[in-house]
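So the chains spell out like this:
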Amino acid sequence: MGKLLVLAIIGILAALFVERVVRIRHKLYTSQERKQIQPANCHLIEGIETGSEDIDILPNGLAFISTGLRYPGMVSFAPDKHGEILLVDVNEEVPKPIALRISRGFDLESFNPHGISKYIDEKDDTVYLFVVNHPHSITTVELFKFQEKENALLHLKTIQHELLHSVNDIVAVGPDSFYATNDYYFLNKIGKNAELFLGLAWTNVVYYSPKEVKEVAAGFLMANGITMSLDNRYVYVADVLDQSIHVFEKYANWSLSPVKVLQVNTYLDNLCLDPITGDIWSGCHMDANKIMNYDPENPPGSEVIRVQNILSENPLLTRVYINNGSVLQASSVACVHYGRFLVGTVFHKAVYCDLD
């Protein structure tokens, strides 16, 4: 009887393993061929050459951009250069990036910025910037105070926690609290990677505050971008491998309850909201395999989608920008500000476009 039970368990695990392999391979090697879409007025942002992985825009049009991300096993055009946070004024006719100075004492040499999120304190309009960082292939979240007059970031503290083991993106909900998505990329323990691959553990969403840290959502193939609705009632999470946006209702205790899932038929990355309409914007990858196996002769393209009325029975998905990689490679984010949108990339350039 014992041997039969052991054999049954082995059979179940083998089936899970095969299903996991087949499912992930299908997701990774499925590419999309789309007709190019080029808005009338799109231009490269001069001075960004090593990525613009995430973008967050203040109400006055100043945009924070993380650049210089180094992913394990992924191409970097400046592997020996540390990352930076750039500032771009979207209101300028020709936006130009400025590298923000970071206060003394912060380890710049190992700075490897990933997802970012702003928080504006209504009491005094102080702007806090949360930055996912991967120094030495671990995960931290760095909290900065933005000093606009000095074009600088004052480093306040470094946040680490065992539940924040491989953070991809973040959305701030207070001056010292946030939701974060965990993915696979920066897990450096073989056991954890094996569990994820076998389907025994899944990528998730974690709520962090100094008083409480907890998992609030799970079951994603690979959780990625995250943002919150304009009324702060809903949290939106991108599952890049499942090609879907998950909608959650946010409760007073910061727990999340699933509402719906929208399939988008593309590998969406970071999420941004239109500050007026609440539409969801995302930079997407049409071919995930080209991201991981970079070929300069056949580079990954870029795609931007907009989702309107996601809470309705019939959300409207529009493909706003599509390029085959000749201009922009590996788009990861798209954020809009009053008639203009910026598109950032994992390791390449960035563009700004005027909406029609």
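By the naming in an unreviewed UniProt entry, the chain goes by Paraoxonase and is assigned to Pleurodeles waltl. What UniProt states about the chain under its Sequence similarities (unreviewed entry) heading is, verbatim, "Belongs to the paraoxonase family." According to its UniProt record, the chain has this under Catalytic activity (unreviewed entry): "a phenyl acetate + H2O = a phenol + acetate + H(+)".

(A) Up close: the overall build of the chain. Secondary structure assignment for the chain yields 3 helices and 25 strands. Each of the 356 residues in the chain was classed as buried or not, and the buried ones make up 53%. The contacts of the chain with a sequence gap of at least 6 include a subset with a gap of at least 24, amounting to 54%. For the chain, the accessible surface area stands at approximately 16100 Å², while carbon and sulfur atoms represent 52% of it.

(B) Quick look at the state of the cysteines. The tally for this structure, following the rule as stated, stands at 2 disulfides. With a sulfur-sulfur separation of 1.9 Å, Cys42 is cross-linked through a disulfide to Cys353. What sets the handedness of the Cys42 and Cys353 disulfide is the S-S torsion sign, and at about 115° it is right-handed. In this pair, Cys42 is assigned in strand β1 (residues 41-44) and Cys353 in strand β25 (residues 351-354), connecting sequence segments 311 residues apart. A relative accessible area of 14% means that Cys42 is categorised as buried. Look at Cys353 and you get buried, because its relative accessible area is 0%. The disulfide partner of Cys272 is Cys335, and the S-S distance across this bridge is 1.9 Å. One end of the pair, Cys272, is in strand β19 (residues 267-273); the other, Cys335, is in strand β23 (residues 331-337), and 63 residues separate them in sequence.

(C) The arrangement of the pairing of strand β11 (residues 167-174) in detail. Burial analysis of β11 places 8 of its 8 residues in the buried class, the great majority of the element. When β11 meets strand β12 (residues 177-182), the two strands line up antiparallel, connected through 6 bridges. Note on β12: the bridge partner recorded for Gly174 is Ser177. Connecting the antiparallel pair β11 and β12 is a turn made up of 2 residues.

The rules behind each value
Residues numbered from 1 in each chain as written. Predicted model: local features only at pLDDT ≥ 70, side-chain atom pairs only at ≥ 80, totals over all residues. Heavy atoms only, no water. UniProt positions renumbered as here; feature names shortened; annotations may be inferred. Helix = DSSP H or I, 4+ residues; strand = E, 2+ residues; numbered from the N terminus. Buried < 20%, exposed > 50% of the residue type's maximum accessible area, 1.4 Å probe, protein only. Contact = heavy atoms within 4.5 Å. Areas by Shrake-Rupley, 256 points an atom, 1.4 Å probe, with all protein chains shown as cover. Disulfide = S-S within 2.5 Å. Pairing = 2+ DSSP bridges.

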